Amino acid sequence: MEIVGIDAGGSLLKIAYVEHGRYRYKWFPIDEMDQALSWMKRLKPAARYRITGGRAAKVKEKLTGADVTFIPEFDSVCIGTRELLVKEGKEPKSDFLIVSIGTGTSFFLMKGERYERLLGSGIGGGVISGLSRLILQESNFYQIVDLAKKGDRSHVDLLVKDLYGEEAPPILGDLTAANFGNPDLSRARKKDAAAALFQLIGEPIVLLAKQCAELHQVDTCVYVGAAISQNPPLQQIIQSFDSMTGLQSIFLSNGSFTGALGAILYQ
């Protein structure tokens, strides 16, 4: 009997399954749960389900009569990340951090086959979603990403070089002095605010990752989760700090599906 992995998060329902010997992945907005599960039942009518994530119980309610097993969310993310690193040929040579950016953000330490959650933050995809609705009047994630690609955050953020004017700043001038702190917003456009929003998200995540890495003596961070995997602007922001922090950032093509894949592989 085939196994289907489902990660039911705050915003998205992520599904992993095997077809013709290969893993396949598909996601749906969480408010399309009924349509997603109907599609899955038609595709795999005799499947067993392994489900994880904050809304896993809701998924089970709708899978009446099916063979359903709950899988711990943090285990799923770490197991799925390790598997994808191998499949995508990006496996670090030593211990590393997993930074899972979903609705919020969790930080895990991977030491060989063992893993542990170090800490979490409320800064993540939920902040992108909420502030985008408030500031940009946008709710479509991919439209927000597209806006950020074209924006110039210096029209919204106050940079260190703005504070020092003609004088040489003591640190890099392009660093942020105050997110959304530019006193002159007359040039700011919607796309600039989107770019500044991703900077607001990326910077504290990098700082927390750096602190965890120093504490546990690792130099590689693997970033996964739906808020980062299909988000080039946020990836670029995080990667721009690599030379400063001494960390190597790795991004996985299918990093949105670590939880769903890990649920399938969980032993």
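Keep in mind it's a predicted model, so treat the numbers as computed, not measured. (Residues numbered from 1 in each chain as written. Predicted model: local features only at pLDDT ≥ 70, side-chain atom pairs only at ≥ 80, totals over all residues. Heavy atoms only, no water.)

A. How the structure looks around the overall build of the protein chain. Regarding its fold elements, the protein chain presents eleven helices and twelve strands. A globule of 267 residues ought to have a C-alpha radius of gyration of about 18 Å, and the protein chain, at 20 Å, matches this closely. Counting only C-alpha atoms and orienting by the principal axes, one finds that the protein chain spans roughly 70 × 40 × 30 Å. For the protein chain, with 267 residues in total, the buried portion stands at 46%. Side-chain charges of the protein chain comprise 30 positive and 30 negative groups, with the mean position of each set lying 7 Å from the other. (Helix = DSSP H or I, 4+ residues; strand = E, 2+ residues; numbered from the N terminus. Rg over C-alpha atoms; globule rule 2.2 N^0.38 Å. Buried < 20%, exposed > 50% of the residue type's maximum accessible area, 1.4 Å probe, protein only. Lys, Arg positive; Asp, Glu negative; His and termini not counted. Charge placed at Lys NZ, Arg CZ, Asp CG, Glu CD.)

B. Focus on the pairing of strand β1 (residues 3-8). Buried residues dominate β1, accounting for six of its six residues. The alternating pattern of β1 places Ile 3, Gly 5 and Asp 7 on one face and Val 4, Ile 6 and Ala 8 on the opposite face, and all of these are buried. Both β1 and strand β2 (residues 12-19) contribute to a ladder of four bridges, which runs antiparallel. From the neighbouring strand, Ala 8 faces β2, where its bridge partner is Leu 13. Hairpin geometry of β1 and β2 is characterised by an intervening segment of three residues between the two adjacent antiparallel strands. (Pairing = 2+ DSSP bridges.)

C. Quick look at the side chain of Ser 106. When you line up the elements, Ser 106 lands in strand β7 (residues 105-111). Assessed through its relative accessible area of 12%, Ser 106 is described here as buried. Here Arg 117 takes part through its side chain, which lies 3.1 Å from a polar atom of the side chain of Ser 106. In contact with Ser 106, not counting residues within four places along its chain, are Phe 74, Ile 98, Val 99, Ser 100, Arg 117, Leu 119 and Gly 120. (Polar contact = N/O pair within 3.5 Å; in protein donor to acceptor, adjacent residues only side chain to side chain. Contact = heavy atoms within 4.5 Å.)

D. Examining the side chain of Asp 242 more closely. Tracing the backbone through its elements, the reader meets Asp 242 in helix α10 (residues 242-245). Within the buried core, Asp 242 has no salt-bridge partner, and the shortest N-O distance to an opposite charge, that of Lys 210, equals 10.0 Å. Once you skip the residues sitting within four places of it in the chain, Asp 242 turns out to touch Leu 247, Gln 248 and Ser 249. (Salt bridge = Lys/Arg side-chain N within 4 Å of Asp/Glu carboxyl O.)

E. Layout of the packing of helix α5 (residues 141-150) against helix α7 (residues 190-216). Following both chains from N to C, one finds α5 and α7 inclined at 100 degrees, their axes separated by 7 Å at the closest point. Considering their axes alone, α5 and α7 lie roughly perpendicular with respect to each other. Across the interface between the two elements, Ile 144, Val 145, Leu 147, Ala 148 and Lys 150 from α5 touch Lys 190, Lys 191, Ala 194, Ala 195 and Phe 198 from α7. Of the residues belonging to the contact of α5 with α7, the class tally is seven nonpolar, no polar and three charged. (Axes fitted to C-alpha atoms, helices over the stretch in contact; angles between N-to-C directions. Parallel < 35°, antiparallel > 145°, perpendicular 65-115°, else oblique. Nonpolar A, V, L, I, M, F, W, Y, C, P; charged D, E, K, R; others polar.)

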